[in-house]
Amino acid sequence: MKEKKKVLIVFGTRPEAIKMAPVVREFKKHSEEFITKVYVTAQHREMLDDVLEVFSIKPDHDINVMQKNQSLFYITSEVLKRSEGILDKEKPDMVLVHGDTTTTFTVALAAFYKKIPVGHVEAGLRSYDKYQPFPEEINRVLGDSLAALHFAPTGTCKKALLKENTDKSSIYITGNTVIDALHTVLKEIKSSSIYFVGSPKCILVTAHRRENFGKPFSNIFNAIKRVAERYPKVNIIYPVHMSPNVQEPANRILGNTRNVILFPPLNYSDFSKLIEASCFVVTDSGGLQEEAPSLGKPVLVLRNVTERPEAVSSGTVRIIGTDEERVFKEMCNLLDNKKHYDKMAKAVNPYGDGKAAYRTLQAVRHYFGFRKDRPKDFTPK
């Protein structure tokens, strides 16, 4: 019997927590091989805590770095500095990070300084524009360059990594763990406290990205207001991000529109139920571009580029930018044109089958010699 290996699973934001929760669960099932520790930076505090509660995760380390109006300089320096002591204390055999946050890049860098192997969950996504999304594109590229193992959600991501001369043997196509999380919550949580779930027609909106601060948000919110006024029987549901740069224009432009319902960020179980209940999604989020297509929901993306091209190719996701007139027309087209809606609503799911966390575990088992054969890659059906 091989000696147990210690794995430190790290995340700092709500999206990371959602996507890493299935990984934490999977590793904890295999205590005969792994000592699993969880380290959170709390780059986002309240939104992170919700996911920890939903998935019953108790962190072993929580440095609680979040400050009001925090800068990238603050998050990067604080997480890097405080990670040193945690890595020295735990001495993990591997650090697992996720995606494209400042936490991901900074902890990967700290692990590199300690010569600890890094596994990057959701590796290989690329927009090929270093300022869109900002700073996520560069965080992801740097995270991949520091990683020893790359868990690519799709074949497209693997191709991107190979194009950058990443060692082929380090890449495993796993699917995306967000599908694991979404299906788990929809299966385990049978009811929702949100009163409009099940109403005839509602549109889910999320918008929070830094590159949309200022005029882009004004354009988006003015377009949404026009749609709401044109379709008074349609509810537009917007859980508003806590950033003042989002809160101020959202409340100023949309606050008095009867059928635009502004919420604080919803807990993940209610949010999952809302995705399921919506007729379509309008978002600048990355994760929703994966979650909504898995439930057959059309997605309009409020960005100029995406690092998730698979659903765009299939027709389920459409990149529409932030021009007010374009946003207005695209939303109206989905409400008015049934043929167009039905074409986008095909339940195309290139992102996973609910077993991504299991494949991630098996890849790490292979790396440490707990299994001899290389696990098979995920192939969409």
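Up top is the structure these notes are about.
Keep in mind it's a predicted model, so treat the numbers as computed, not measured. (Residues numbered from 1 in each chain as written. Predicted model: local features only at pLDDT ≥ 70, side-chain atom pairs only at ≥ 80, totals over all residues. Heavy atoms only, no water.)

> Tell me about unusual backbone geometry, and name the residues and values.
Leaving glycine out, the prevailing phi sign among residues is negative, and the prevailing peptide bond configuration is trans. Along the chain, Gln 132 connects to Pro 133 via a cis peptide bond; the corresponding omega equals -5 degrees. Examined against the element boundaries, Pro 133 turns out to sit in the loop between strand 5 (118-121) and helix 5 (136-146). Positive phi, normally seen in glycine, also occurs at Ser 56, with a value near 55 degrees. Its location among the elements puts Ser 56 in the loop between helix 2 (46-54) and strand 3 (61-62). In this structure, Asn 165 takes a positive phi of about 65 degrees despite not being glycine. By secondary structure assignment, the location of Asn 165 is in the loop between helix 6 (155-163) and strand 7 (171-173). Asn 165 gets classed as exposed once you look at its relative accessible area, which sits at 72%. (Helix = DSSP H or I, 4+ residues; strand = E, 2+ residues; numbered from the N terminus. Buried < 20%, exposed > 50% of the residue type's maximum accessible area, 1.4 Å probe, protein only.)

> Can you tell me about the sheet that holds strand 5, naming the residues and giving the values?
As summarised here, the arrangement of the seven strands in space is 3-2-1-4-5-6-7, forming an open sheet in which the pairing is parallel. Strand pairing shows two members of the sheet lacking a second neighbour, strand 3 and strand 7, which therefore form its edges. Looking at chain direction, strand 4 (residues 94-98) and strand 5 are connected through four bridges and run parallel. Residue pairing across strands places Val 95 opposite Val 118, the latter belonging to strand 5. The sheet strands contacting helix 4 (residues 102-113) are strand 1 (5-11), strand 2 (34-40), strand 4 and strand 5, and the helix crosses strand 4 at an angle near 165 degrees. (Pairing = 2+ DSSP bridges. Contact = heavy atoms within 4.5 Å. Axes fitted to C-alpha atoms, helices over the stretch in contact; angles between N-to-C directions.)

> Residues and numbers for the sheet that holds strand 11 (residues 280-283), please.
In spatial order, the strands read 10-9-8-11-12-13; together these six strands make up an open sheet with parallel pairing. Only two strands of the sheet have a single neighbouring strand rather than two, namely strand 10 (260-263) and strand 13 (317-319). Ignoring which end each strand starts from, the neighbouring axes of this sheet average 20 degrees apart. Judged from the three bridges that link them, strand 12 (residues 299-301) and strand 13 form a sheet pairing that is parallel. When the bridges of strand 13 are listed, Val 301 appears paired with Ile 319. The strands touched by helix 10 (residues 268-277) are strand 8 (202-206) and strand 9 (235-239); relative to strand 8, the strand with the most contacts, the crossing angle is about 130 degrees. Packing of helix 13 (residues 324-336) onto the sheet brings it into contact with strand 8, strand 9, strand 11, strand 12 and strand 13, and relative to strand 11 it is tilted by some 170 degrees.

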